[in-house]
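Fold and contact review
What follows is each chain in one-letter form.
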Amino acid sequence: DAAGSTGSGKPAIRLRGLVKHFGDVAAVDGVDLDIADGEFFSMLGPSGSGKTTVLRLIAGFESATAGTVELGGLDVTKAAPFERDVHTVFQDYALFPHMSVLDNVAYGLRVRGVGKKQRRERARRALDTVQLGHLGSRRPTQLSGGQRQRVALARAIVLEPRVLLLDEPLGALDLKLREQMQVELKQLQRSLGITFVFVTHDQEEALTLSDRIAVFDAGRIQQLGSPREIYENPASAYVAGFVGTTNLFDADVSSRLLGVASEHAVRPERLRLSGAEDTEAARDGEIRLDAVVTETIYLGAGNRVHLRTDDGIELVALEQSTGTRHDADSAEHRGDHVTVRFSRADVVALA
Ligand code: ATP
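These numbers were taken from a predicted model, which means no experiment stands behind them.

**Description of the overall build of the protein chain**
When helices and strands are counted, the protein chain shows 10 helices and 18 strands. Dimensions of the protein chain, computed from the C-alpha atoms along their principal axes, are close to 75 × 50 × 40 Å. Put simply, of all contacts in the protein chain between residues at least 6 apart along the chain, 63% involve residues at least 24 apart.

**A short note on the site of the ligand**
Taken together, Phe22, Val25, Ala27, Gly45, Ser47, Gly48, Ser49, Gly50, Lys51, Thr52, Thr53 and His201 make up all the residues around the ligand. Of all the secondary structure elements, the ones that give two or more residues to the shell around the ligand are strand S2 (25-35) and helix H1 (51-59). Looking at which element gives the most residues to the shell around the ligand, the answer is H1, with three residues. Counted by class, the shell around the ligand contains three nonpolar, eight polar and one charged residues.

**Describing the environment of Ser137**
Within the secondary structure layout, Ser137 lies in the loop between helix H3 (116-129) and helix H4 (145-157). Excluding its chain neighbours within four sequence positions, the residues that come into contact with Ser137 are Ser100 and Leu102.

**Quick look at unusual backbone geometry**
A positive phi angle, close to 45°, is found at Glu168, a residue other than glycine. Tracing the sequence through the fold places Glu168 in the loop between strand S7 (163-167) and helix H5 (175-192). Residue classification places Glu168 among the partly exposed positions, given that 18 C-beta atoms sit within 10 Å.

**What to know about the nonpolar core**
Residues Ile58, Val105, Ala154 and Val197 are the most contacted members of the largest nonpolar core, which totals 81 residues. Both domains that meet at this core, namely domain 1 (13-242) and domain 2 (247-349), each give it at least three residues.

**Here's the deal with the confidence of the model for the protein chain**
Across the protein chain, the average pLDDT comes to 89, with 94% of residues at 70 or higher. Note on residues 1-7: pLDDT under 50 across the span, and 16 contacts to partners over four residues away in sequence or across chains. Interface predicted TM-score (ipTM) for the complex: 0.93; the corresponding pTM is 0.81.

**Observations concerning the sheet that holds strand S16 (residues 314-320)**
Reading across from one edge, S13-S17-S14-S15-S16 is the order of the five strands in this open sheet, with antiparallel pairing throughout. Edge strands, defined here as strands with exactly one partner in the open sheet, are strand S13 (272-275) and S16. When strand polarity is set aside, the average angle formed by the axes of neighbouring strands in this sheet is 45°. The pairing of strand S14 (residues 286-298) with strand S17 (residues 337-343) spans seven bridges and is classified as antiparallel. Pairing of Glu286 across the sheet is with Ser343, part of S17.

**Re the sheet that holds S7**
Taken together, the six strands give an open sheet; going across it, the order is S6-S7-S8-S3-S9-S10, and neighbouring strands pair in mixed fashion. What marks the edges here is a single partner per strand, and that holds for strand S6 (86-89) and strand S10 (220-225). Across the sheet, the mean angle separating the axes of adjacent strands is 20° when strand polarity is ignored. Pairing analysis gives four bridges linking S6 to S7, with the strands arranged parallel. When the sheet's bridge partners are listed, His87 is paired in S7 with Leu164.

**Overview of the packing of helix H2 (residues 101-111) against H4**
Two elements in contact, H2 and H4, have axes separated by 7 Å at closest approach and are oriented at 30°. When the interaxial angle is binned, H2 and H4 end up roughly parallel. Of the two elements, H2 crosses H4, and the hand of that crossing is right-handed. Of the residues in H4, those touching H2 at Val101, Asn104, Val105 and Gly108 are Val151, Ala154 and Arg155. A breakdown of the residues in the contact of H2 with H4 according to their chemical character gives four nonpolar, two polar and one charged.

**Topic: the domain arrangement of the protein chain**
What the domain assignment reports for the protein chain is domain 1 (13-242) and domain 2 (247-349). Summarising the inter-unit geometry, the C-alpha centres of domain 1 and domain 2 are found 39 Å apart. Counting from both sides, the interface comprises five residues of domain 1 and, opposite them, four residues of domain 2. Across the side of domain 1 that touches domain 2, the residue classes tally to three nonpolar, two polar and no charged.

The rules behind these values
- Residues numbered from 1 in each chain as written.
- Predicted model: local features only at pLDDT ≥ 70, side-chain atom pairs only at ≥ 80, totals over all residues.
- Helix = DSSP H or I, 4+ residues; strand = E, 2+ residues; numbered from the N terminus.
- Contact = placed C-beta atoms within 7 Å.
- Near = placed C-beta within 6 Å.
- Nonpolar A, V, L, I, M, F, W, Y, C, P; charged D, E, K, R; others polar.
- Buried ≥ 20, exposed ≤ 12 C-beta atoms within 10 Å, placed from the backbone.
- Core = buried A, V, L, I, M, F, W, Y, C linked by C-beta atoms within 7 Å.
- Domains from an automatic or database assignment.
- pLDDT = per-residue confidence, 0-100.
- Pairing = 2+ DSSP bridges.
- Axes fitted to C-alpha atoms, helices over the stretch in contact; angles between N-to-C directions.
- Parallel < 35°, antiparallel > 145°, perpendicular 65-115°, else oblique.
- Left-handed = near helix turned anticlockwise from the far one by under 90°.

Here it is as structure tokens:
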């Protein structure tokens, strides 16, 4: 099932039975996927899971071992990169060292025959978007890694391509700039209506930016869905584990807690903690456990509390700070005895 066609019109990208072998390695091992026009689509997965190779197959920098690539309804499986209406922002930027930053950004417009005045104007606007308007006259070698990465981004968006392929485009940025650029990227994508295919191994980035996410493992899509679907209903222990810390219950623990002998998971923020003086029995549809705090980790906006139940189940709870200074005093400490409650409805069955 490769959901994602918009119903009207052709998907921007359609992959069918896509396979890529490098010698013995099946980098991509049978991918079926439709990416809708104007969608912000992320490919999420650990290093080596095949995300970049899928991107390179879409761009035409690799040739498929089997399967097809369609762009806007056109079969481009055998087409050269320059024949495909996509633009790629690479991890390694690939800027021209002998040109100014502004000329680097304007270069693609020059190749397309856009006049000098207009091309400088558009290049300036693209540089402003990535907050580098003041550095247009510098050479790429006079920039930091993060600044070069933003120039590469400006160079792509100035062309307003139908499809933009981005391979970890924010990887070299510090956290603050990264968060700013995430917002800029999202707004840009929305206002230009460009289809974004975004490769990342950062689950939070994928969850915040994307319309849909494909979670990759070993060259295959393990799950395809909206950020909410992936986060709330991970299809497997692999996806649950990859998309943030979670409490995974194996068959044995599941059967003790729920009376069902198959894997389950519950999100750390769904656990409610109260003091040991809370002796009230579990309510309907609730699970209640006695536990001891093994570690409390201060996160700024809250605490991550590690727990071990009296019968040896390890749990993680996430507590949001309420913003009052008293919080610090009321936080659970190592060795505290606590009561853990969570709703059965928040326990997700894994495939
Ligand atoms: P990363 O996040 O590290 O970029 P990725 O998920 O993008 O990883 P790919 O780069 O697609 O993963 O690699 C998938 C697999 O294919 C890996 O095992 C990798 O070593 C292998 N691979 C990729 N490119 C080549 C190549 N040119 N020659 C041989 N093996 C390759």
